[in-house]
Structure formats: structure tokens, C-alpha cells
Amino acid sequence: MKILHKLIVGAAMAAGAAWFNVASAETPPVQTIAVAQGRLMASQGALLIDVREPDEYAEGHAPGSVLIPLGQLPGRLAELRASQDKPVALICRSGRRSARAAEILRQAGFSKVYNIEGGMNAWSAAGLPVLKGAK
């Protein structure tokens, strides 16, 4: 069994599958990106989803972001299906809720999901634009 495992991992690595994980060979892990990359992706048409609560969003959010609180995400997947094969970046306050949201989207078949590391805390600290008020 150990030999087979080494052969599988070796073949995957040789094929360039750096994300390969024997425990979940079908679904690569969600990529974490820096806030600057998240902003760039959003400016290039990626869907930017803020998974915080409405009051948090109103206090300050990234321009162009769409509010879908984490608790509502599973029930709102149908409205996101048009973006299933497009880049989707997720953001929250610190990166924890957006990481959970990213896993929900991956399990639902979304192929290009990114978690913005550090969330809005890092976004603000980087001096990136922040809008206030509900959208």
C-alpha cells in the first residue's frame, strides 16, 4: 500500500499537480491570496463576495463586493451559478469565515475559489479603498 501511495503522489507531482492531496484528490484546496491580488482580481471581473453580516458590511466594505452573509450562502448558491467557472474571491473580517465560505463553494462545484488572507482587517491596513454604508 505504501508503494502504491508513493507512486500516486509521485505521478501527481510529476504532472505538475502541486496541490495534490491524497485525502481529497478530486478537489484541490482553496487558494489564499493577498488583499492586493484580491483587489486586482475584482478589478478584472472576478466576483468578490463579502460573507460578513450586514452591519459589518455597512461599517466598511471593499468596492464592488457583494454581500452574502456566511449563514445565507448555502441557500443562495443558485444565484451564483453563473460564476461557477469564473474566479470568485471571498472576504470577511479576518479570513476565517471567508475560508469556510470558500469550502462551501468548492464543495458546490465552483472551480476558481480564492480566500482573501486577513480579510477587511488586512484590506484596510493596506490602505485599499473602503466604502461605508449598505449597498
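The following paragraphs examine the structure supplied in this document. (Residues numbered from 1 in each chain as written. Predicted model: local features only at pLDDT ≥ 70, side-chain atom pairs only at ≥ 80, totals over all residues. Heavy atoms only, no water.)

A short note on the side chain of R52
No. 1: Inspection of the secondary structure puts R52 in the loop between β2 (47-50) and α3 (54-59).
No. 2: Looking at R52, its side chain comes within polar contact range of the side chain of D50, at 2.8 Å.
No. 3: Within the structure, R52 has its side chain in polar contact with the backbone oxygen of E56 (distance 3.4 Å).
No. 4: If near-sequence neighbours (up to four positions away) are discounted, R52 is found in contact with Y57, G60, H61, L67, P69, C92, R93, R97 and M120. (Helix = DSSP H or I, 4+ residues; strand = E, 2+ residues; numbered from the N terminus. Polar contact = N/O pair within 3.5 Å; in protein donor to acceptor, adjacent residues only side chain to side chain. Contact = heavy atoms within 4.5 Å.)

So, the layout of surface pockets
No. 1: Empty space within the largest pocket amounts to approximately 150 Å³.
No. 2: If you go around the largest pocket, the residues you meet are R52, E56, E59, G60, R93, M120, N121, S124, V130 and K132.
No. 3: If you list the elements that add at least two residues to the lining of the largest pocket, you get α3 and α5 (119-125).
No. 4: Take the lining of the largest pocket: its biggest share by element is three residues, from α5.
No. 5: Counted by class, the lining of the largest pocket contains two nonpolar, three polar and five charged residues. (1 Å grid on protein atoms, 1.4 Å probe; cavity = no way out; pocket = protein on both sides within 12 Å on 5 of 7 lines; lining within 4 Å. Points joined across faces, edges and corners; volume = space filled by probe spheres on them. Nonpolar A, V, L, I, M, F, W, Y, C, P; charged D, E, K, R; others polar.)

Here's the deal with the nonpolar core
No. 1: Judged by nonpolar contacts, the single largest core of 17 residues is most densely connected at I49, L80, L90 and L105.
No. 2: For this core, the elements supplying multiple residues, two or more each, are β2, β4 (88-91) and α4 (96-107).
No. 3: Within the second largest apolar cluster, 13 residues are counted, among which are L48, A62, Y114 and L128. (Core = buried A, V, L, I, M, F, W, Y, C linked by side-chain atoms within 4.5 Å. Buried < 20%, exposed > 50% of the residue type's maximum accessible area, 1.4 Å probe, protein only.)

Things to note about the sheet that holds strand β1 (residues 31-33)
No. 1: The strand order β1-β5-β4-β2-β3 describes an open sheet built from five strands, whose pairing is parallel. Of all the strands in the sheet, the pair left with one neighbour each is β1 and β3 (66-67).
No. 2: Pairing analysis gives three bridges linking β1 to strand β5 (residues 113-116), with the strands arranged parallel. Across the sheet, the residue bridging to T32 is N115, located in β5.
No. 3: Across the sheet, helix α2 (residues 35-43) lies against β1, β2 and β5, angled at about 95 degrees from β1, the strand it touches most. (Pairing = 2+ DSSP bridges. Axes fitted to C-alpha atoms, helices over the stretch in contact; angles between N-to-C directions.)

Some remarks on the pattern of salt bridges
No. 1: The final tally for this structure, using the stated rule, is three salt bridges.
No. 2: Between D50 and R52 there is a salt bridge, and its shortest N-O distance comes to 2.8 Å. Neither residue differs from the other here; D50 and R52 are each classed as buried.
No. 3: R97 is the partner of E56 in a salt bridge, and the nearest nitrogen-oxygen pair spans 2.8 Å. Of this pair, E56 sits in helix α3 while R97 sits in helix α4, and the two are 41 residues apart along the sequence.
No. 4: Overall, E56 belongs to the buried group, its relative accessible area being 18%. (Salt bridge = Lys/Arg side-chain N within 4 Å of Asp/Glu carboxyl O.)

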